[in-house]
Amino acid sequence: MAKSLLIVESPAKARTLQKYLGKEFDVRASVGHIRDLPKKELGVDIEHNFIPKYVTIEGKNRTIRNSKKAALIIKDIYLRS
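Residues numbered from 1 in each chain as written. Predicted model: local features only at pLDDT ≥ 70, side-chain atom pairs only at ≥ 80, totals over all residues. Heavy atoms only, no water.

(A) Here's a closer look at the sheet that holds strand 1 (residues 4-8). The strand order 2-1-7 describes an open sheet built from three strands, whose pairing is parallel. Either end of the sheet is taken by a strand with one partner, and the two such strands are strand 2 (25-29) and strand 7 (76-79). The sheet shows a mean angle of 20 degrees between the axes of neighbouring strands, direction not considered. The sheet contact formed by strand 1 and strand 2 spans five bridges and is parallel. Each bridged residue has a counterpart across the sheet, and for L6 the counterpart in strand 2 is V27. The strands that helix 1 (residues 11-21) touches are strand 1 and strand 2; relative to strand 2, the one it contacts most, it runs at about 170 degrees. (Pairing = 2+ DSSP bridges. Helix = DSSP H or I, 4+ residues; strand = E, 2+ residues; numbered from the N terminus. Axes fitted to C-alpha atoms, helices over the stretch in contact; angles between N-to-C directions. Contact = heavy atoms within 4.5 Å.)

Scope: geometric values only; no functional claims are made or implied.
Below you can see the structure in the form of structure tokens.
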């Protein structure tokens, strides 16, 4: 069982890194960004110290769900672009 989860953007990068890191890591690809600022409104809350308002990019719910499921059984999680 993998002890660490590494999430990268590119599927090709995920395959390459999996070869080098071996079974100690579960390397997955997010296939790009999964959250962004909203397009039809101001992306920050100016009344509360400019806190960003993120929204999930359409079609990325499955990627998020799979990453959350994998994170439940993993010790360490790393994000890399």
